[in-house]
Amino acid sequence: MPLKTYWLEHAWLGTHVEPGVTLEAADDGRIAALRTGPGSQTPPPGAEVLRGLTLPGLANAHSHAFHRALRGTVQVGSGTFWTWRDFMYKVAHNLTPESYFELARAVYAEMALAGITAVGEFHYVHHAPGGAPYAEPNAMGEALIEAAAAAGIRITLLDTAYLSAGFGRAPDPHQLRFSDGTAEAWAERVSALKPREHALIGAAVHSVRAVPADQLATVARWAEDRRAPLHVHLSEQTAENDACLAAHGRTPTRLLADHGVLGPRTTGVHNTHLTDADIALLGGTTTGTCMCPTTERDLADGIGPAVRLQRAGSPLSLGSDSHAVIDLLEEARAMELNERLSSRTRGHWTANALLTAATADGHAALGWSGAGRLEPGALADFTTIVLDSVRTAGPLPRLGAETAVFAASAADIRHTVVGGRHIVRDGAHALVPDVPTALAEAIAALRA
C-alpha cells in the first residue's frame, strides 16, 4: 500500500520536464510508482497536489553548520581567507553539544526550506575547548545527527581528521578541540558512530596541511574498509599548494594520490588551484569535485577548473560550505556564470547537467546512491518550485529546468518531501515552525 500519492503538475525527470506526473510513495519511504501520459494529466482522487515544478531533493554536499553564525558578520570590511578563519575559530570555541544541536537544527531546517533533502556535514569540532574529550566522545557528531532528524532531512556525517596546524606544526590552541592526536585515535573514535535510517557515516581529511602525510593512509583505509564516502578540502588556497610543495616537493593532489586517498568514493572540495597533472589525476581516478561557488567567491578563493575536471572524468557536486547563502539553485547558477566570466563564453553546462550535479551526483558523493532521481525504487525525496513567482513567471513550463537554474531561488521552494513525508508545506516547515527565530536565538546564544 502506498504511504501517499502525489500529483506533480510538472516534474523534471532528468532529461526533460513532464507535465502531469503521479507519484506513489511507499511505506518504506521510496517511490513505488511513477505514472505519466494521458491518464495522469489530472490529479487522481485523494492525491496531494503539488503545483509548480517538482525536482528530486537537492543534495548539499559540503556544509559546516556552525559557519551559519558567521553570515553578515564576516562581510564587514575587508580581509582574506585567513582573517576570516580567525573569526571562525572564535565561533567554534563557543560551541557545546547542546548549542550545536540547536544551531544545526535551525540550519538544517533552513536547508529544508531551500529544497535540500540531504546534507554532507564536514564535521571537525569533536572535543571540548582545550581538546579534552566529552564523556561521550562523539557528543558533537551525535548532536549533528540528531539535529538533522529534528529538521527532517538526511545527513552524511563526514567525520573529519584534523591533526595539525600545518606541515610539521602541532595544533594551535584554538584547534585543539578539532584533534584526536593521531589518525589511529581518530579512527577508534569515529568507529563508534553508527548509521541510522536518516544518517550515514563517512570520513574526511580536513586538508593536506591538517593531516600529516604518513597518516593519510589510515583515514583512507577506514573509509575503504566501510565503503564509505571520503571527502577532503583540496587546493582551496595557493598558500596551501606552496606549503605542500615546500614540505613534500609535490602538489596536494599528488600527495593524496601517493597515499591512496583518491578514488571513486572520494570527493575533493573546491579543487580550485590545480595543475594540468592534478586535473588528470583527479579525473583518471574518478575522484569527485564539490564546487561551492557562493563561498569561493565570498572568500575570494578563485574560480576552479570545473569544466576541465568534469571532462577529465571527475563528477561534479555542489555545496553551500560556509552558508554565506543556503541556495543550491544559486550554487548551480554560479558555477555556470563563474565559468562564463572566466572564459567569456556561454553554455558550459545545460540546465539538466547543473540540476544533475545538485541532485543525483550530489547524493552519490554522499553515499546516498538511491536518491536524487524521480524514478521507481529511488528514495521519495523531492522538492517543488513555484512557476508563478516574480522570478519564475513567464517561461513555458517545458523550460522549467532553465527557469529553476537561471531564475529561481530558494525563496521559490514551496514543498519539500523526505521519505514520502511532507517536511515543508506551502513554504512552512512542519517540524520547526519558526525557522528565522530558531536561527536568531541559536546564533545569539553563541555570542553570549
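As a reminder, the structure under discussion sits directly above these lines.
Notes on the structure in this doc start here.

The rules we used
- Counting restarts for each chain: residues are numbered from 1 in the order of the written sequence.
- Only residues with pLDDT of at least 70 are given local features in this predicted model, and only at 80 or more are side-chain atom pairs given and counted; all residues enter the totals for whole chains, interfaces and linings.
- Side-chain numbers come from the whole structure's heavy atoms, not from hydrogens or water.
- Helix and strand definitions here come from DSSP, where helices need a minimum of 4 consecutive H or I residues and strands a minimum of 2 consecutive E residues; each element is numbered from the N-terminal end.
- Only the C-alpha atoms count toward the radius of gyration. The rule for a globule is 2.2 Å times the residue count to the power 0.38.
- Buried, partly exposed and exposed residues are distinguished by accessible area as a fraction of the type maximum, computed with a 1.4 Å probe on protein chains only: under 20%, between the cut-offs, and over 50%, respectively.
- Note on contacts: a residue pair qualifies if any of its non-hydrogen atoms lie within 4.5 Å across the two residues.
- Only the protein chains shown count as covering a residue, and every accessible area follows the Shrake-Rupley method with a 1.4 Å probe.
- The rule for a disulfide is simple: a pair of cysteine sulfur atoms within 2.5 Å.
- Criterion for a salt bridge: a side-chain nitrogen of Lys or Arg within 4 Å of a carboxyl oxygen of Asp or Glu.
- Here, nonpolar core refers to any group of buried Ala, Val, Leu, Ile, Met, Phe, Trp, Tyr and Cys residues whose side-chain atoms link them within 4.5 Å.
- Pairing between strands is defined by DSSP: at least two bridges between them are needed.
- Each pair of aromatic rings taken from Phe, Tyr and Trp, with Trp reduced to its six-membered ring, is defined by centres within 6.5 Å and is described as stacked if the planes are under 30 degrees apart, edge-to-face if over 60, and tilted in the remaining cases.
- Comment: the charge-over-ring label is applied if NZ (Lys) or CZ (Arg) is within 6 Å of the ring centre and within 35 degrees of the ring normal.

## Overview of the overall build of the protein chain
Scanning the protein chain from terminus to terminus reveals 15 helices and 16 strands. A compact globule built from 448 residues would reach a C-alpha radius of gyration of about 22 Å, and the protein chain, at 21 Å, matches this within 12%. Principal-axis analysis of the C-alpha atoms gives the protein chain an extent of 65 × 50 × 45 Å. Out of the 448 residues in the protein chain, the part that is buried amounts to 59%. Counting only contacts in the protein chain whose residues sit at least 6 apart along the sequence, the fraction spanning at least 24 positions is 74%. Of the roughly 16,600 Å² of accessible surface on the protein chain, a fraction of 55% belongs to carbon and sulfur atoms.

## So, the environment of D298
Topologically, D298 is positioned in helix α9 (residues 293-298). Judged by relative accessible area, D298 falls into the partly exposed class, the value being 29%. Taking the C-alpha atoms as reference, D298 lies 27 Å from A147; in sequence the two are 151 residues apart. Once residues lying within four places of it in the same chain are set aside, the contact partners of D298 are Q75 and A324.

## Considerations on the state of the cysteines
Taken as a whole and assessed by the stated rule, the structure comprises zero disulfides. Its sulfur unpaired, C290 is 4.0 Å from the next cysteine sulfur, which belongs to C292. Take C290: its relative accessible area is 0%, and that puts it in the buried class.

## Focus on the pattern of salt bridges
All chains considered together, the criterion is met by 22 salt bridges. Linking R154 and D381 is a salt bridge whose minimum nitrogen-to-oxygen distance equals 2.6 Å. Placement of the pair is R154 in strand β7 (residues 154-161) and D381 in the loop between α13 (360-365) and β13 (382-385), with a sequence separation of 227 residues. Like D381, R154 is buried. The residue R265 makes a salt bridge to E224 at a minimum N-O spacing of 2.4 Å. Placement of the pair is R265 in the loop between α7 (252-258) and β10 (266-270) and E224 in helix α5 (residues 213-226), with a sequence separation of 41 residues.

## Considerations on the nonpolar core
If you look at the biggest cluster of nonpolar residues, it comprises 123 residues, and the most contacted ones within it are F66, Y108 and W222. In terms of residue count, the dominant contributor to this core is helix α2 (residues 97-113) (nine residues). Other than its neighbours up to four places away in sequence, W222 contacts W186, A187, V190, S191, I201, G202, A203 and A228. Formed by 13 residues, the second largest nonpolar core is a distinct cluster that contains A11, V21, I31 and L50.

## A short note on the pairing of β13
Side-chain alternation along β13 places F382 and T384 on one buried face and T383 and I385 on a second face that is also buried. Bridge analysis of strand β4 (residues 48-56) against β13 gives four bridges, and the strand direction is antiparallel. Within β13, the residue paired with T54 across the bridge is T384.

## Thoughts on the packing of aromatic side chains
All told, the structure shown has eight aromatic pairs when counted by the stated rule. On the numbers, 6.0 Å between centres and 40° between planes, the contact of Y89 with F178 is tilted. Taken together, the residues Y89 in helix α1 (residues 81-93) and F178 in the loop between β7 and α4 (183-190) connect sequence positions 89 residues apart. Aromatic rings pair up to connect F66, Y89, Y100, Y124, Y162 and F178 into one cluster. Looking at R154, its charged tip hangs above the ring of W368, at a distance of 5.4 Å from the centre.

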